[in-house]
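Commentary on secondary and tertiary structure
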Amino acid sequence: MAENGINQPGSPRSAFRGDIEGLRAIAVLLVLAGHAAGNLVPGGFVGVDVFFVISGFLITGLLVGELRRTGRISLTAFYARRAKRLLPAAVLVLVVSLLLAYTLLPRTRWSATGWDVVASAVYGMNWRLAAQAVDYWAADQAPSIVQHFWSLAVEEQFYLVWPLLLLVLALPGRRRAVRPALLMVGFVLVAVPSFAWSVWLTRSDPGPAYFVTTTRLWELALGGALAIAGTALHRLPRALAAPLAWAGLGAVTAGAFVLGPDTPFPGTAALLPTLGTAAVIGCSVAAGRAGPAGMLGLAPFRAVGAVSYSLYLWHWPLLVVAEARFGELTPVAGLIVVSLSAVPAVLSYRFVENPIRLSKTLQWEPAAALRIGAACTGVAVAAGLMFQFTVWPPPQAPVSTVVLPPLSTAQATASATAPAGPPGAAVLTSGKSAGAPVDRVASVVPDPLTALKDGPEAWPDKCTAGFDGGQPSPCLYGDADSAFRVALVGDSHANQWLPALRGIADANNWRLESYVRQACPFLNRGIARENRPQPECLDWNRSVLQALTGERKPNLLVVSHTIYVVLENGEPVENRVVADRFTEAMRTTWREVTAAKVPVAVIRDTPYQSIDIPECVTANPRKLTRCTSPRDVALATGAANPMLRAVVDQPRVHLIDLTDSICPTERCAPVIGGVLIYRDSSHLTATYVTTLAPRLNDALRRLLD
């Protein structure tokens with residue numbers, strides 16, 4: 001090995017570049033630091049983009065080198081190299097992750113983990129995560145123990161088509177020297193549309209945009225372009241190459257600190273780490289001693305770079321397990337955990353990766369390497385599928401039929417039998433102490449394992465209001481011919497009250513119209529989610545407001561929702577004024593409704609819990625007090641307190657506050673009257689909402705009298 005981590009032409013390992021090994025170290029250290037201490041290194045995720053460019057460069061270099069030597073590409077040999085390099089360590093981590101999930105993660109995560117392992121084993125995890133990013137109920141769930149396999153999936157999907165494309169482009173020059181300009185056509189065909197799509201999708205739908213392969217292809221293709229350019233970059237003047245290489249390394253480092261979770265990514269923001277990486281790779285050879293190759297080629301950097309793949313595989317499962325067992329980790333604790341991941345990383349590198357990757361037998365028998373790769377994939381898929389048996393038979397799904405308790409004393413007297421099931425909020429008639437947290441209960445309904453499905457969204461006859469001929473079309477319940485019409489508007493925090501309101505409408509012979517839209521509060525102002533404006537929500541609310549104040553206006557409007565960031569001049573307001581601006585927006589919106597002489601009943605927002613309640617109850621069945629949150633903290637998170645301020649001095653706006661029936665003591669209990677209160681951290685179970693129906697009915701009747 002020559003000085004500065006760069007081999008001289010003709011050296012025994014001329015294909016090896018120590019500076020790239022060091023760049024791998026930088027990339028993995030950024031990822032580990034970002035995951036362990038996100039507050040300190042908010043943009044650590046750019047390390048993945050560095051890996052993409054490096055991978056594109058190295059793999060394309062091998063392919064182009066083979067083309068120049070032989071005029072062809074052996075696909076069997078190529079995929080054999082990928083299989084023996086990646087799959088043995090990957091299957092080991094996937095199987096160990098299943099064991100960790102079984103022994104250390106709450107049972108509520110088991111089934112999803114099994115399917116995550118299957119998706120990771122076939123390199124489809126990124127598409128699974130993209131689908132969950134647009135699934136409102138999956139987006140806020142705890143991270144998967146194998147979530148980090150998404151980036152490996154992107155790479156392997158890219159390499160299913162990249163060698164074929166290069167082979168096709170090389171056909172015209174098969175009898176002559178391979179033309180770099182012709183191969184560059186492949187870069188243009190892949191990178192240009194992929195980058196354009198990345199910019200557009202990142203702006204319009206950033207959740208899936210982060211994971212899908214189509215928004216990332218250009219990053220790998222960029223590395224491929226560097227390899228295709230080959231020695232042309234090595235002839236750059238040192239006076240130009242050295243500052244470019246250092247600037248590239250600076251850009252990568254800066255990306256880890258100037259970018260963050262709120263940055264729309266990848267899109268144009270990904271240019272910072274990717275072009276920086278390209279500058280380091282492309283200019284370091286020409287820069288020589290004056291460039292960063294000397295630093296990157298130092299032994300400590302090369303040592304970390306050598307095990308970077310194993311470090312990436314092992315650090316995330318350990319972080320997920322540690323957080324599940326001990327709660328949110330401090331930056332110091334997170335860094336300790338990722339440091340400990342070096343132990344299994346080095347062991348698997350020494351005893352799993354290297355023996356298979358460096359095997360002489362497999363080098364000369366690529367078919368055998370492919371068989372080993374297929375076996376590894378088969379083992380991981382089988383393990384993921386068999387893991388499903390750990391949750392078989394599945395718990396009984398929540399009953400979707402609304403069964404209301406008696407809404408009045410007269411009804412209770414007339415009933416021959418009391419409704420089946422635990423009493424839930426009915427036990428609070430004996431005083432608030434009946435809702436105090438306890439360590440154990442005889443039974444819990446619904447089963448925490450299926451609690452997420454205990455809501456209107458999972459009903460067989462679920463209905464989501466939509467547009468019909470340009471006008472909002474509500475879901476209808478109760479007596480469709482009734483002259484008394486009640487409208488429900490808001491987001492999922494409004495929809496959670498539907499089980500009670502539906503039964504109340506039936507009991508009172510009301511016509512109930514539901515205008516609910518997930519993640520869309522009833523406001524006459526634009527809102528933002530994840531720092532992205534939601535114009536479709538404002539369009540929806542304008543149409544709903546027109547329907548609510550028109551000729552067929554309701555007799556009563558029931559509204560509820562959580563808090564959102566509102567827009568001013570098309571931009572999200574600053575965090576310090578979010579609550580104030582949201583309060584103002586609620587007041588002006590309700591005023592438009594009451595001006596049409598429609599009274600408004602505001603159901604105060606649900607107290608937010610600091611943890612996922614079903615998951616905590618599953619993990620602590622004999623110590624349920626671990627699943628409690630301070631009442632004042634729970635009320636300070638959502639829209640509960642802004643709603644209190646918004647109803648002041650609004651004569652026709654009435655607040656319905658059921659907080660004392662959800663969290664009656666200083667700490668909010670996870671279970672009251674044998675009923676699980678929450679299906680996540682902020683949405684009530686349909687079962688518990690049903691037990692609140694008498695209280696909600698009384699509140700509605702009082703304001704109507």
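Refer to the structure presented above.
Summary of the structure given here. Note that the structure is predicted; figures quoted are calculated from it, not measured.

**Digging into the overall build of the protein**
Each helix and strand in the protein was counted, giving 30 helices and 16 strands. The burial tally for the protein puts 54% of its 705 residues in the buried class. A sequence separation of at least 24 residues applies to 81% of the contacts in the protein between residues at least 6 apart. Summing over all exposed atoms, the protein offers an accessible surface of approximately 30500 Å²; the carbon and sulfur share of this is 59%.

**Details of empty space enclosed by the protein**
Overall, the coordinates contain 2 cavities of 30 Å³ or more when judged by the stated rule. There is about 60 Å³ of room inside the largest cavity. Those elements giving two or more residues to the lining of the largest cavity turn out to be α3 (75-104), α4 (110-121) and α19 (366-387). Examining the composition of the lining of the largest cavity, we find that 4 residues originate from one element, α3, more than from any other. Considered class by class, the residues forming the lining of the largest cavity number 9 nonpolar, 2 polar and no charged. Roughly 30 Å³ of internal volume is contained in the second largest cavity. Lining the second largest cavity are Ala 436, Pro 437, Val 438, Leu 624, Ala 669, Pro 670 and Val 671. When the residues that make up the lining of the second largest cavity are grouped by side-chain class, the tally is 7 nonpolar, no polar and no charged.

**Side note on the pattern of salt bridges**
Tallied over the full model, the rule gives 19 salt bridges. The salt bridge involving Arg 216 is made with Asp 49; its shortest N-O contact spans 2.6 Å. Taken as a pair, Arg 216 in the loop between α9 (206-211) and α10 (217-229) and Asp 49 in helix α2 (residues 46-70) lie far apart in primary sequence, 167 residues in all. Salt-bridge contacts for Asp 539 lead to Arg 542; the nearest nitrogen and oxygen are separated by 3.9 Å.

**Here's the deal with the sheet that holds strand β8 (residues 556-560)**
Taken together, the 6 strands give an open sheet; going across it, the order is β3-β5-β4-β8-β11-β13, and neighbouring strands pair in mixed fashion. The open sheet has two edge strands with one neighbour each: β3 (475-478) and β13 (653-656). The sheet shows a mean angle of 25° between the axes of neighbouring strands, direction not considered. As paired strands, strand β4 (residues 485-490) and strand β5 (residues 511-516) are joined by 6 bridges and run parallel to one another. The residue bridging Val 486 from the neighbouring strand is Leu 512, located in β5.

**Observations concerning the state of the cysteines**
Going through the model one piece at a time under the given rule, you end up with 3 disulfides. A sulfur-sulfur separation of 2.1 Å characterises the disulfide bridge that pairs Cys 520 with Cys 537. Negative torsions about the S-S bond denote left-handed disulfides, and the value of about 95° found for Cys 520 with Cys 537 makes this one right-handed. Of this pair, Cys 520 sits in the loop between β5 and β6 (527-529) while Cys 537 sits in helix α23 (residues 535-548), placing them 17 residues apart in sequence. For the residue pair Cys 520 and Cys 537, the accessibility class agrees, reading buried in each case.

**Description of the sheet that holds strand β7 (residues 532-533)**
Adjacent strands of a sheet form backbone hydrogen bonds with each other and so pair up, either parallel or antiparallel. Here we have 4 strands laid out as an open sheet, ordered β7-β6-β9-β10, and antiparallel in their pairing. Unpaired on one side and paired on the other, β7 and β10 (571-572) mark the two borders of the sheet. Taken together, the 2 bridges between strand β9 (residues 565-568) and β10 define a ladder with antiparallel strand orientation. Across the sheet, Leu 567 pairs through a bridge with Pro 572, a residue of β10.

**Quick notes on the packing of aromatic side chains**
Per the stated rule, a full pass over the model turns up 18 aromatic pairs. Ring plane angle 25° and centroid distance 5.0 Å describe the contact between Phe 158 and Trp 162, whose orientation is recorded as stacked. Taken together, the residues span about one helical turn, with Phe 158 and Trp 162 both in helix α7 (residues 149-170) at a distance of 4 residues. Relative accessible area serves as the criterion here: at 1%, Phe 158 is assigned to the buried category. On the basis of relative accessibility, which here comes to 1%, the residue Trp 162 falls in the buried class. A centroid spacing of 6.2 Å and a plane angle of 45° characterise the contact between Tyr 210 and Phe 265, whose relative ring orientation is tilted. Of the two residues, Tyr 210 is situated in helix α9 and Phe 265 in the loop between α11 (238-258) and α12 (271-287); the sequence distance between them amounts to 55 residues. On the basis of relative accessibility, which here comes to 4%, the residue Phe 265 falls in the buried class.

**Topic: the nonpolar core**
In terms of nonpolar packing, the biggest core is built from 109 residues, with Phe 149, Trp 150, Trp 162, Leu 183, Phe 265 and Ile 281 touching the most fellow members. Membership of the second largest hydrophobic core comes to 45 residues, among which are Tyr 477, Ile 603, Val 675 and Ala 693.

**Re the side chain of His 683**
Within the element layout of this structure, His 683 appears in the loop between β16 (675-676) and α29 (686-691). Here Ser 492 takes part through its side chain, which lies 2.7 Å from a polar atom of the side chain of His 683. Of the polar contacts made by the side chain of His 683, one reaches the side chain of Ser 682; its length is 3.4 Å.

**Topic: the pairing of β4**
Burial within β4 is extensive, with 6 of its 6 residues counted as buried. Judged by which residues are buried, β4 turns out to be covered on both faces: Arg 485, Ala 487 and Val 489 on one side and Val 486, Leu 488 and Gly 490 on the other are all buried.

**Overview of a nonpolar patch on the surface**
A cluster of nonpolar side chains, Trp 246, Met 295 and Leu 298, forms an exposed patch at the surface whose accessible area comes to about 270 Å². Mapped onto the elements of the fold, Trp 246 is located in helix α11. Here Trp 246 falls in the partly exposed class, since its relative accessible area comes to 38%.

**Focus on the packing of helix α15 (residues 308-326) against helix α16 (residues 331-340)**
Helix packing for two helices is described by the angle between their axes and how far apart those axes are. Closest axis-to-axis distance for the α15/α16 pair is 8 Å, and the angle between their directions is 140°. Judged by the angle between their axes, α15 and α16 are oblique. The crossing of α15 and α16 is right-handed. Of the residues in α16, those touching α15 at His 315, Leu 318, Leu 319 and Ala 322 are Gly 334, Val 337 and Val 338. Residue classes in the contact of α15 with α16 are distributed as 5 nonpolar, 2 polar and no charged.

**Some words on helix α5 (residues 125-133)**
Residues Met 125, Asn 126, Leu 129 and Ala 130 constitute the buried set of α5. Relative to the axis of α5, the buried residues are bounded by an arc of 140° and lie together on one face. Structurally, α5 contributes buried residues whose contacts are with α4, α7 and α9.

The rules behind the values
Residues numbered from 1 in each chain as written. Predicted model: local features only at pLDDT ≥ 70, side-chain atom pairs only at ≥ 80, totals over all residues. Heavy atoms only, no water. Helix = DSSP H or I, 4+ residues; strand = E, 2+ residues; numbered from the N terminus. Buried < 20%, exposed > 50% of the residue type's maximum accessible area, 1.4 Å probe, protein only. Contact = heavy atoms within 4.5 Å. Areas by Shrake-Rupley, 256 points an atom, 1.4 Å probe, with all protein chains shown as cover. 1 Å grid on protein atoms, 1.4 Å probe; cavity = no way out; pocket = protein on both sides within 12 Å on 5 of 7 lines; lining within 4 Å. Points joined across faces, edges and corners; volume = space filled by probe spheres on them. Nonpolar A, V, L, I, M, F, W, Y, C, P; charged D, E, K, R; others polar. Salt bridge = Lys/Arg side-chain N within 4 Å of Asp/Glu carboxyl O. Pairing = 2+ DSSP bridges. Axes fitted to C-alpha atoms, helices over the stretch in contact; angles between N-to-C directions. Disulfide = S-S within 2.5 Å. Phe/Tyr/Trp six-rings, centres within 6.5 Å; stacked < 30°, edge-to-face > 60°. Core = buried A, V, L, I, M, F, W, Y, C linked by side-chain atoms within 4.5 Å. Polar contact = N/O pair within 3.5 Å; in protein donor to acceptor, adjacent residues only side chain to side chain. Patch = residues over 30% accessible without salt bridge, like charges linked within 9 Å, V, L, I, M, F, W, Y side chains within 5 Å. Parallel < 35°, antiparallel > 145°, perpendicular 65-115°, else oblique. Left-handed = near helix turned anticlockwise from the far one by under 90°. Arc of directions from axis to C-beta.

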